[in-house]
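Commentary on secondary and tertiary structure
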Amino acid sequence: MRGLWRALLALVAGTAATVVGLVLVRRRIGRLRFERGLAAAQLAVRGGLRYAGSAPRLFAAAGESRERLRNDLAMQTADDVTATLGTMKGVMVKLGQMASYVDDGLAPSVRRTLGRLQDSVPPMSPELAAGMIEAELGGPPDRIFERWDPEPIAAASIGQVHRAITADGLAVAVKVQYPGIAEMMAADLDNVSLLRRMLRVTAPSQDVDGLIDELRERVLEELDYRKEAVNQQRLHGYFAGHPTISVPAIVAELSTRRVVTSELVTGARFADIASWSQAERDLAGETLYRFVFRSLYEVHAFNGDPHPGNYLFHGGGKVTFLDFGMVKHFTPIDLLPLMQMARNLCVDDDPGRFRASLEEAGFLVPGAPLSDAEVADHLAVFYQLIRRSESVTVTSDYASAVVRRFFDVRSPVAQYARIPRSYVILQRINLGLFALLGEMKATANWRAIAEEIWPFMQAPPSTPMGRDELPWLASRPALAAELTQAQ
Amino acid sequence: MNEYADAAGLVARSAAAYAESIPAEPADDGLFGPASVAWRMSGDLSSPVAGLRALLIQALHPLAMAGVDQHSGWRADPVGRLAATSAYLATITFGERGAAERAASRVRRIHQRVTGVDPFTGGDYAASDPQLLLWVHAALIDSNIVARELFGTPLQDADADSYIEEMVVAAELVGVPAVMVPASRASLAQYLDAARPQLACSPAARESMGYLLDPPGLDEDLADIWQDIREAAIVSLPEWARELYGYRAPVLTPARRNEIRQALGVLDAVFLGEPGVLEARQRIILRMRAAVRA
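None of these values were measured; they are calculated from a predicted model.

Cut-offs and rules
Residues numbered from 1 in each chain as written. Chains lettered and ligands numbered in written order. Predicted model: local features only at pLDDT ≥ 70, side-chain atom pairs only at ≥ 80, totals over all residues. Helix = DSSP H or I, 4+ residues; strand = E, 2+ residues; numbered from the N terminus. Buried ≥ 20, exposed ≤ 12 C-beta atoms within 10 Å, placed from the backbone. Contact = placed C-beta atoms within 7 Å. Rg over C-alpha atoms; globule rule 2.2 N^0.38 Å. Pairing = 2+ DSSP bridges. Arc of directions from axis to C-beta. Axes fitted to C-alpha atoms, helices over the stretch in contact; angles between N-to-C directions. Parallel < 35°, antiparallel > 145°, perpendicular 65-115°, else oblique. Left-handed = near helix turned anticlockwise from the far one by under 90°. Nonpolar A, V, L, I, M, F, W, Y, C, P; charged D, E, K, R; others polar. Core = buried A, V, L, I, M, F, W, Y, C linked by C-beta atoms within 7 Å. Domains from an automatic or database assignment. Expected span 1.5 Å × (residues − 1). pLDDT = per-residue confidence, 0-100.

Re the overall build of chain A
Along the backbone of chain A there are 22 helices and 12 strands. Across the 487 residues in chain A, those meeting the buried criterion constitute 52%. Pairs at least 24 apart in sequence give 71% of the contacts found in chain A among residues at least 6 apart.

Here we look at the overall build of chain B
Across its full length, chain B carries 15 helices and 2 strands. What you see for chain B is a C-alpha radius of gyration of 18 Å, in line with the 19 Å of a compact globule of 294 residues. In terms of its C-alpha atoms, chain B occupies a principal-axis envelope of roughly 55 × 45 × 35 Å. In chain B, the share of contacts with a sequence separation of at least 24, taken over all contacts with a separation of at least 6, comes to 81%.

Things to note about the interface of chain B and chain A
By a frequent convention, interface size equals the accessible area lost on bringing the separate parts together. Counting residues at the interface gives 26 residues for chain B and 24 residues for chain A. For the side of chain B that touches chain A, the leading source of residues is helix H14 (residues 254–272) of chain B, giving 12 residues.

Regarding the environment of Ala376(A)
Residue and element names in this part refer to chain A. Here Ala376 lies in helix H16 (residues 372–379). Given 21 C-beta atoms within a 10 Å radius, Ala376 is considered buried. The sequence separation of Ala376 and Ala401 amounts to 25 residues, and the corresponding C-alpha distance is 16 Å. Not counting chain neighbours up to four residues away, the residues in contact with Ala376 comprise Leu345, Pro351 and Phe354.

Let's talk about the sheet that holds strand S9 (residues 318–321) of chain A
Strand pairing in a sheet relies on backbone hydrogen bonds, with the paired strands running either antiparallel or parallel. All names here are of chain A. In space, the 3 strands of this open sheet follow the order S5-S9-S8, with mixed pairing throughout. At either end of the open sheet lies a strand with only one pairing partner, and these are strand S5 (245–246) and strand S8 (311–315). Sheet topology note: the S5/S9 ladder contains 2 bridges and is parallel. Bridged to Ile245 within S9 is Val319.

Observations concerning the pairing of S9(A)
All names here are of chain A. Going residue by residue along S9, you find Val319 and Phe321 tucked away on one face and Lys318 and Thr320 left uncovered on the opposite face. Two elements, S8 and S9, share 4 bridges in a ladder whose sense is antiparallel. If you follow Phe313 over to S9, its bridge partner there is Val319. Counting the residues in the hairpin turn of S8 and S9 gives 2 residues, including Gly316, whose phi is positive at 65 degrees.

Some details on helix H9 (residues 181–190) of chain A
Among all positions in H9(A), only Ile181(A), Ala182(A), Met184(A), Met185(A), Asp188(A) and Leu189(A) are buried. For H9(A), the buried positions fall inside an angular range of 165 degrees around the axis, keeping them on one side.

Concerning the packing of helix H12 (residues 220–236) of chain B against H14(B)
Residues and elements named next belong to chain B. Packing of H12 against H14 leaves a shortest axis separation of 9 Å and a crossing angle of 125 degrees. The angle between H12 and H14 falls in the class oblique. At the point where H12 passes H14, the crossing takes the left-handed sense. On H14, the residues touching Ile225, Asp228, Glu231 and Ala232 of H12 are Ile260, Ala263, Val266 and Leu267. Partitioning the contact of H12 with H14 into residue classes produces 6 nonpolar, no polar and 2 charged.

Some thoughts on the nonpolar core
One finds Met92(A), Leu288(A), Leu56(B) and Tyr163(B) to be the most contacted residues of the largest nonpolar core, which totals 216 residues. Ranked by the residues each element gives to this core, the list is headed by helix H7 (residues 130–151) of chain B, at 14 residues. Summarising the domain contributions, this core has at least three residues from each of domain 1 (4–263) and domain 2 (328–484) of chain A. Once residues within four sequence positions are removed from consideration, Leu288(A) is found in contact with Val319(A), Leu433(A), Leu436(A) and Leu437(A).

Observations regarding helix H15 (residues 277–293) of chain B
For H15(B), with 17 residues, the first-to-last C-alpha span of 24 Å sits near the 24 Å given by 1.5 Å per residue. Taken together, the buried positions of H15(B) are occupied by Val277(B), Leu278(B), Ala280(B), Arg281(B), Gln282(B) and Arg287(B).

Brief notes about the confidence of the model for chain A
When pLDDT is averaged along chain A, the result is 81, and 80% of the positions lie at 70 or above. In this model residues 13–64 of chain A is a low-confidence stretch, pLDDT under 50, and it forms 145 contacts with partners more than four residues away in sequence or in other chains.

Structural notes on the pairing of strand S4 (residues 171–177) of chain A
Residues and elements named next belong to chain A. Along S4, 6 of the 7 residues are buried, which leaves the element largely enclosed by surrounding structure. Of the strand pairs in this sheet, strand S3 (residues 159–165) and S4 are connected by 7 bridges, and their pairing is antiparallel. If you follow Ala164 over to S4, its bridge partner there is Val172. Connecting S3 to the antiparallel partner S4 that follows it, the hairpin turn spans 5 residues, and Gly169 within it adopts a positive phi of roughly 90 degrees. Inspection of the sheet shows S4 paired to strand S6 (residues 259–263) by 5 bridges, in the antiparallel sense. Looking across to S6, one finds that Val172 is bridged to Glu263.

Brief notes about the environment of Phe271(B)
All names here are of chain B. Mapped onto the elements, Phe271 comes out in helix H14. For Phe271, a count of 23 C-beta atoms within 10 Å gives the class buried. It is 8.6 Å that separates the C-alpha atoms of Phe271 and Ser14, two residues lying 257 residues apart in sequence. With residues near it in sequence (within four places) discarded, Phe271 still touches Val11, Ala15 and Val277.

A word on the packing of helix H1 (residues 10–21) of chain B against helix H5 (residues 78–94) of chain B
Residue and element names in this part refer to chain B. Put simply, H1 and H5 touch, their axes get as near as 8 Å, and they point 25 degrees apart. Compared by their axis directions, H1 and H5 come out roughly parallel. The element H1 and its partner H5 pack so that their crossing is right-handed. Residue-level contacts link Leu10, Arg13, Ser14, Ala17, Tyr18, Glu20 and Ser21 of H1 to Val79, Gly80, Leu82, Ala83, Ala84, Ser86, Ala87, Ala90, Thr91 and Phe94 of H5.

Details of unusual backbone geometry
Residue and element names in this part refer to chain A. With a phi close to 45 degrees, Thr87 is a non-glycine residue in the positive phi region. Mapped onto the elements, Thr87 comes out in the loop between helix H4 (78–85) and helix H5 (89–98). On the neighbour-count criterion, Thr87 (25 C-beta atoms within 10 Å) is buried. For Asp323, which is not glycine, the phi dihedral falls at a positive 70 degrees. Within the element layout of this structure, Asp323 appears in the loop between S9 and strand S10 (327–329).

Structural data, given as structure tokens:
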């Protein structure tokens, strides 16, 4: 269990420097690909393969006998949920998921612990799931829905997903939370003395209480499915009419704090597109990029969970985005420094102003004994895709280099670097999006696309997809004035 | 002063011993069976606290302590000794009858050779003495109940009585006549009270328990959690035991209790991460559920 404390908190804080050595994001995704290939389920959700690919040995029995064992082990009562996920285990499962795309950086024993912990969570029995539907929606599933599939099609972090057809004939995915889990995890996150003790060792130079607050807020938000429904519906609305980005609509009348119902969408998994043509993968990569930065700069929202399981691919660059449980909202004021940093370094090539923007946002201790060039060089890797207007292929090596730099404590700059609380989740752009693009070997002129999206530029379309966006762009609301004026 | 080996690998070796002791396709349901309280008792978060508390109490009988001190050689391999004890307990609880009896007869055979004179009291001891075996038994049963009460999932009163009664068989296995063994909470409490005059903290007890409370060589994370287990075990001791050792009674605030429980939860998750442990627990759950259905 060596390093467990440190690793767990590193996942949260993204400051795993003390434990994370060389991070090979590439290998991790390679394994995901294998697991996903075993998937029978068509609907992708986080951890969706838990029941099939990486399940414990007992589950590995073939066919019918596996089904039987799975049902025999199912959680039948709220007490079973407590025994399985109470006393920090639910929190650890959640942390493990948050870390899933950097976990090659974790000690093997820590990775194993987190993986096995996920495996140890069996599905709810059909009766327990039906009980949750009844408690939340006011009737048993076969009365609330036209058709209800009692077998879950996938596991979510703190619940499971069932297929159903509504009375109106709409095929939906219904995410049902485990009973009592929200209260248990909230209690564990309200008693933070253990977490604080762990963090003090891990990240002594960081604002420990701030990190814990951020973690608690994000996880508690995710426990309330109404927040997820609101986030998802908002993004669904914003991207309505977009040529390649789509977010399934929420069925509001069938969504509550513990149950969330959305349109059922099927499509290819991340693993499947490995066999697609490079041109197709490039288009999908472009859509991922546009989605992340348009959400960030235009909706001021970032999905903190860029897990490969959260995308469905339809060809022609069309992608469906799923699972908005961990969305961080920013104010334009929060985002302004990020945009200024990009502008200072990439557009104006002005390391002095770049540094001033970093200090202003709290990323760098003011007055650190470093030259502007040292600071710029240290962070340049994060901007490598957009330094110049040219076609760039994202590689796994690049993604690994980003992660290594992120966790690099040895450089003279590292000791003066900080991650202000409101940007903690944002680091997942670097760790998650680039890992996916690298795995896809996606090629594009990312800088030209960024110029289209940067509110202070709003450059004309640089690609066919950009041109296809024009009608959608014309119909959407105006951007925040603060962001259009970044200096 | 004896040389001790360090305690590296404690979790891994205990876990391996546990996993191997839970049979995959047993011919019978063993001494207790899947409907027993004994089965339900196992696997509680509080188990490490119960184990340490039991050792602390057992060591206060100078003759029992002398037998361990002079014969078991546990200093050379303390982790192996603890793992062997976990394996024994798992085997007599979940193993087939034959396996339980074989394990017990091995223990009885070893006990035959353990005799001597306790340097502290000057008394003769024999490990096969039913009085000593009963002391060890009673301390363990009491600790399992108390640790659970304080840090785990408390038992219903009736379940506690049933558990104590079920466990009479375990004492018989190592050679204590059933008539001597407390079979209810009241008689267990009576027995523990009556034993008090024989108890003392011998130098051997002080030294050995000093090691157990602060074992060298633990992985850094486990060493951190061990502080919680140690505090929990000392809190859970009866006042007279703390006095014999000269430990101050730590104050257990609700917040501190919570922190300890969380640390035990993390430790349990780590235990679960060891090879075979999850499968072993699933085997137990499946059999318990089948027993409920039947």
